[in-house]
Structure formats: C-alpha cells, structure tokens
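Given next are the chains, with one letter for each unit.
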Amino acid sequence: MGNASQGANRAVSDAASASRSPALRILARAGFVFIGLVHVLIGAIALQVNSGQGGEADQTGAIGSIASKPGGVILLWAGAVACAALALWMVGEAVFGARAEGDSKKKLKEAGSAAGKAVVFGFLAFTFAVFATGGSKSSSQSASDFTAKLMGAPAGVVLLVAVGLAIIAAGVYYAYRGFTRKFMEDLQDPGNARTAVRWLGTVGYIAKGVVLAVVGVLIIVAAATADPSKSSGLDGGLKALGSQPYGVFLLAAIAAGLICYGVYSMARARYGKF
C-alpha cells in the first residue's frame, strides 16, 4: 500500500515537473508575445474602422492580417505552438499549482482561474492553426451562429442571458484589475520599466473590460429581441461603441487601450511570474 502511494506521489511529482519544464516555460512566455501582437493588431484595425476603412476588429481579423504578410504562415504556426504551450502551462497551474495553496477556497479560485485561461489560450492556439492550414472564419458570424443555435435550444434564451451576464462580469473584473492595478501581482519587479508597465496595464485592462462588457450586453440584447445577428462578438462590440454619440472618440480611446493591453502582454512575457 505504501509503495503504491509513493508511486502515485512520484507520478504526480513527475507530471508537475514536466508541466513546468524550462522548454515549456520559454514557449509559454512566447505565448504572451503573440497574445500581445493580436491585441495590438485588433486595436490598429479598430482605428482603421474608426477612420472609415473596412476591417474585422477581432482575433480572426488580427490573425488574418498576419496570414496575409510574407512569412505569415511561419508566424501563424509559431503562434499556435506558443499559445498551446501557454494553455498547457495553465493546465499545469490548475492541476498542480493550486496544490501548494493551503486555503481550500483560494485553491479552488486559483485552479478555476487557471483552467479558464487554459481554455482561452487553447482556443487562440486553435485559431492560429486554422489560419496556418489555409482556413479562415469570421468571429462575428461564429458568434451569431452560436447565438442562433443556443436560442433554439430548450431554455436557450435563459442560457444566453447567463452567458451575457458572465461576459459582463468578466469585463467588470478586467476593469477592476485595471483600476486597482491588481495585474501587477502577475509580474516580477519590472525595475526601471515599472511605471510604464503599470500605466500600460491600467489603460489596457480597463479598455478590455469595457469591450467585454459591451459584448455581453449585445448577447443579452440578441436574446431579448430574438435576433442572433445582434450578437456579433468583439468586432460588433467595438463597432457598437463607435456608433454611439461621440463614438469616434470613444472607439479611438478603446482601440488605443487595446494596443496598450497588447504591449503590456508583451511585457508580461518578460516579467511574468512563471
């Protein structure tokens, strides 16, 4: 019995070590570089849209712009690998990282947070891979299609409202982390870059929080009006902001904020706690 227990503990220890290997650590850091690049491009596309040019200001629009550049396929595969590594790192944090936490509630919170990030980063890795293999898709259309399918399911409207409220809550959480600068807890001491990183993160987190809240509101509006087309994802959320009074200035500010979030994410690749 003792040998079996020791063997199980050794297996867990080996798995934990593998999930935090130096190679995976380096690739996971690179994942934040690509996340930053995607947000910078989303912000840039939003500025183009704001000036009257076309474009899809979301992940697929940003990744599609990478695909269109010389050497884009290589960058896409690099992004897929890096984001997949970051997702695996977060899986390791969810499974093994929280084990060291003594408080059970805090342990559950940290594990849940890491698992949620793993899903987000895994989906981004998948999107990179789709474009790298020559495929493409519209996030806005995907959001509308998902909304339509869920709306047709039993209790679908209730589920949509719940999804919308969850996304709004995520937006509020991002804005809260921006205002309180809680995001600095994710970093080692940036040294001389501390002030710049702090301001980039503050503006970036607040901007992303606003956009997520708008996306959540659009989902609830789609559910209330039985019109799936009103749920159009990040691109639709940004364009909805631009259509408001003084929307040109509001969208420009949010776009600049998303660029700040992207630069902060790149800084996190360097200073993040791993």
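About the thresholds
- Residues numbered from 1 in each chain as written.
- Predicted model: local features only at pLDDT ≥ 70, side-chain atom pairs only at ≥ 80, totals over all residues.
- Heavy atoms only, no water.
- Helix = DSSP H or I, 4+ residues; strand = E, 2+ residues; numbered from the N terminus.
- Contact = heavy atoms within 4.5 Å.
- Areas by Shrake-Rupley, 256 points an atom, 1.4 Å probe, with all protein chains shown as cover.
- Phe/Tyr/Trp six-rings, centres within 6.5 Å; stacked < 30°, edge-to-face > 60°.
- Buried < 20%, exposed > 50% of the residue type's maximum accessible area, 1.4 Å probe, protein only.
- Patch = residues over 30% accessible without salt bridge, like charges linked within 9 Å, V, L, I, M, F, W, Y side chains within 5 Å.
- Salt bridge = Lys/Arg side-chain N within 4 Å of Asp/Glu carboxyl O.

K.L.:
I keep staring at the overall build of the protein and nothing clicks. Help me out?
P.N.:
Each helix and strand in the protein was counted, giving 10 helices and zero strands. Ordered by position from N to C terminus, the α and β elements of the protein give α-α-α-α-α-α-α-α-α-α. Taking as baseline every contact in the protein between residues at least 6 positions apart, the subset at least 24 positions apart corresponds to 75%. Carbon and sulfur atoms form 67% of the exposed surface of the protein, whose accessible area is close to 13700 Å².

K.L.:
Would you explain the packing of aromatic side chains in this entry?
P.N.:
Think of a pair of aromatic rings as described by two things: how far the centres are apart, and how the planes are tilted against each other in angle. Tallying each qualifying case throughout the model produces nine aromatic pairs. For the ring pair Tyr 174 and Tyr 205, a centre distance of 5.4 Å and an interplane angle of 25° mean the geometry is stacked. Remark: Tyr 205 occurs in helix 8 (residues 194-225) and Tyr 174 occurs in helix 7 (residues 156-180); sequence separation between them is 31 residues. For Tyr 174, a relative accessible area of 22% puts it in the partly exposed group. Looking at Tyr 205, the relative accessible area reads 4%, which means it is buried. Considering the side-chain rings of Tyr 205 and Tyr 261, the 5.2 Å spacing of their centres and the 70° angle between planes classify their relative orientation as edge-to-face. Placement of the pair is Tyr 205 in helix 8 and Tyr 261 in helix 10 (residues 247-271), with a sequence separation of 56 residues. With respect to class, Tyr 205 is no different from Tyr 261; both count as buried.

K.L.:
Before we go on, may I ask you to explain the environment of Gly 237 in this structure?
P.N.:
Counting through the fold element by element, Gly 237 comes out in helix 9 (residues 233-242). Linking Gly 237 and Leu 212, residues 25 residues apart in sequence, is a C-alpha distance of 7.8 Å. Not counting residues up to four positions away in its chain, the partners in contact with Gly 237 are Val 214, Val 215 and Leu 218.

K.L.:
Sorry, what's going on with a nonpolar patch on the surface here?
P.N.:
On the surface, Tyr 246, Val 248 and Phe 249 cluster together into a nonpolar patch covering about 410 Å² of accessible area. Assignment of secondary structure puts Tyr 246 in the loop between helix 9 and helix 10. Residue classification places Tyr 246 among the exposed positions, given a relative accessible area of 67%.

K.L.:
Looking at this structure, how should I read the pattern of salt bridges?
P.N.:
A pair can form between side chains of opposite charge whenever their charged atoms are brought close. Per the counting criterion, the structure on display carries five salt bridges. Residue Asp 235 pairs with Lys 239 through a salt bridge whose shortest N-O separation is 3.0 Å. With a gap of four residues between them, Asp 235 and Lys 239 both fall in helix 9, about one helical turn apart. Relative accessible area serves as the criterion here: at 6%, Asp 235 is assigned to the buried category.

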